[in-house]
Amino acid sequence: MTTATTMTPATSVTTALGTPAARTARPRVEGDWLLVPAPQPRCPVRLFCFPHAGGDATAYTPLARALAPVAEVWALRPPARGGRSRHPMPPDFDALVAAVAEALTPHLGGGDGGRFGFYGQSFGALLAYEVARALPADRRPELVVVAGAPSPAEWAERGSKDLDASELLRLTGLEEMVRADPDLAELALGTIRTDLAVSATYRHRPHAPIGSALHALAGADDPMLATTGLGGWAAHTRGAFGHRIVPGGHLLATVDRPGPVDLLASLLADRQVSVPSRTAVPREQEC
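The residue count restarts for each chain, going from 1 along the sequence in the order it is written. Totals for whole chains, interfaces and linings use all residues, but because this is a predicted model, local features are given only for residues with pLDDT of at least 70 and pairs of side-chain atoms are given and counted only at 80 or more. Side-chain calculation: all heavy atoms of the structure are included, whereas hydrogens and water are not.

> Can you break down the overall build of the protein chain residue by residue, with the values?
The numbering of helices and of strands both runs from the N terminus, where a helix is a DSSP run of H or I of at least 4 residues and a strand a run of E of at least 2. Along its length, the protein chain carries nine helices and eight strands. Each residue gets one of three labels from its accessible area relative to the maximum for its type: buried under 20%, exposed over 50%, partly exposed in between, using a 1.4 Å probe on protein chains only. When each of the 287 residues of the protein chain is scored for burial, the buried share is 53%. Two residues form a contact once any of their heavy atoms are found within 4.5 Å. Contacts spanning at least 24 positions in sequence make up 80% of the contacts within the protein chain whose residues lie at least 6 apart. For the protein chain, the accessible area works out to roughly 12500 Å², and carbon and sulfur atoms hold 52% of it. A 1.4 Å probe and the Shrake-Rupley method give the accessible areas. Residues count as covered only by the protein chains that appear here.

> How would you summarise the nonpolar core if you had to cite specific residues and measurements?
Membership of the largest hydrophobic core comes to 52 residues, with the highest contact counts inside it found for Phe-48, Phe-50, Leu-104, Phe-118 and Val-131. If you look at the next biggest cluster of nonpolar residues, it comprises 31 residues, including Ala-38, Leu-63, Leu-263 and Leu-264. For our purposes a nonpolar core is just a set of buried Ala, Val, Leu, Ile, Met, Phe, Trp, Tyr and Cys residues, chained together by side-chain atoms within 4.5 Å.

> Tell me about the confidence of the model for the protein chain, and name the residues and values.
As a per-residue quantity, pLDDT reports the predictor's confidence and falls between 0 and 100. The predicted model of the protein chain averages 83 in pLDDT, with 81% of residues at 70 or higher. Note that pLDDT drops below 50 for residues 1–15; the model gives that stretch 44 contacts with residues more than four away or on any other chain. Long-range and interchain partners of residues 272–287, a stretch whose pLDDT sits below 50, account for 28 contacts in this model, where long-range means more than four residues apart.

> How would you explain the pattern of salt bridges if you had to name every residue and give the values?
Salt bridge criterion: a side-chain nitrogen from Lys or Arg within 4 Å of a carboxyl oxygen from Asp or Glu. Applying the stated criterion across every chain yields a total of seven salt bridges. We note a salt bridge from Glu-142 to Arg-115, for which the minimum N-O separation is 2.6 Å. Of the two residues, Glu-142 is situated in the loop between α4 (123–134) and β6 (143–147) and Arg-115 in strand β5 (residues 115–121); the sequence distance between them amounts to 27 residues. According to the relative accessible area criterion, Arg-115 is buried, its value standing at 13%.

> Describe in detail the sheet that holds strand β7 (residues 213–219), supporting the description with residues and values.
What holds strands together in a sheet is hydrogen bonding between their backbones, with the strands either parallel or antiparallel. One open sheet accounts for eight strands, arranged β1-β2-β4-β3-β5-β6-β7-β8; its pairing is mixed. Two strands lie at the open edges of the sheet, namely β1 (28–30) and β8 (241–246), each paired on one side alone. Taken over all neighbouring pairs, the strand axes of this sheet differ in orientation by 20° on average, direction set aside. Think of each axis as a best-fit line through the C-alpha atoms, taken over the contacting stretch in the case of a helix, with angles from 0 to 180 degrees between the N-to-C directions. Sheet contacts for helix α9 (residues 261–269): β3 (45–50), β5, β6, β7 and β8; angle to β6, the most-contacted strand, approximately 160°. A pair of strands is considered paired only if DSSP assigns at least 2 bridges between the two.

> Summarise α9; cite the residues concerned and give the values.
Burial of α9 is extensive: seven of the nine residues sit out of reach of the surface. Of the surrounding secondary structure, the elements contacted by the buried residues of α9 are β3, α2 (61–67), β5, β6, β7 and β8.

> Account for the packing of helix α3 (residues 93–104) against α4, with residues named and values stated.
Running from N to C, α3 and α4 cross one another at 65°; their axes reach a closest spacing of 9 Å. Looking at the two axes, α3 sits roughly perpendicular to α4. Relative to α4, the crossing made by α3 is right-handed. The segment α3 lies against α4, with Phe-93, Leu-96, Val-97, Val-100, Ala-101 and Leu-104 engaging Phe-123, Leu-126, Leu-127, Glu-130, Val-131 and Ala-134. An angle below 35 degrees is treated as roughly parallel, one above 145 as roughly antiparallel, one from 65 to 115 as roughly perpendicular, and anything else as oblique. Each helix crossing is assigned a hand: it is left-handed if the near helix lies turned anticlockwise from the far helix by less than a right angle, otherwise right-handed if that turn is clockwise.

> Kindly report on the environment of Pro-152, identifying the contributing residues and their values.
Looking at the element boundaries, Pro-152 is found in helix α5 (residues 152–158). As a C-alpha pair, Pro-152 and His-236 span 84 residues in sequence and 8.6 Å in three-dimensional space. Residue contacts for Pro-152: discarding those within four places in its chain leaves Leu-126, Tyr-129, Glu-130, Tyr-202, His-204, Trp-233 and His-236.

Structure below.
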């Protein structure tokens, strides 16, 4: 049944977040595709994180440190950037989904408790959902959190191929970070163009909804996404569904801020928490 998820009390989940061990643990690369920014060997749940267009795995380092020890973050390392600058990007969105699903499969459910979820932002939100759908039903995440993205059908209608890389850099709030370094700015723009080209090949095909719980987020100050449009994601899950407006802009987790730590921690803390129907959610929590 479609439901709206409410947060558990923050004090029951977040009091142990951001432990010193998480801040000092050495990052670990797993194959070509994955970075574990803050290893937590006995963590009960893994959270696989998918970067935005032009983004890299390192953007999730603050989130990884802040979520420990509730979850161990495994961040996707897309090709054609950073340490994978010599690796070509797959030619289209379907090929990217297949490559990511293959790379993730050996690591799914490998935490101490065997649980895992997905979190993605913008382009990464769409990728996270489609990778979850591409996995066998018995290997899908228990939870998919999509942030700063319209539903798949609305994404296809939006025509991302018409979005300019410079405009996207500005709207995501990352322009200030690269403005002082023209070489870095051009590198960032080139990576964004690569991802936009792949995004433009996305085609939404009607399909059965996944059984994973699905939670859609939008930043209150997001200039790219109407906060009233998150409900479109409800049709893409048979499991619990929730949507929430949170503080922030288009990108919630970045290299200098961890993002919605409390909300993610509460969603991951106990998948057995019962949730009320959407109609029971107070109006101020509705999108």
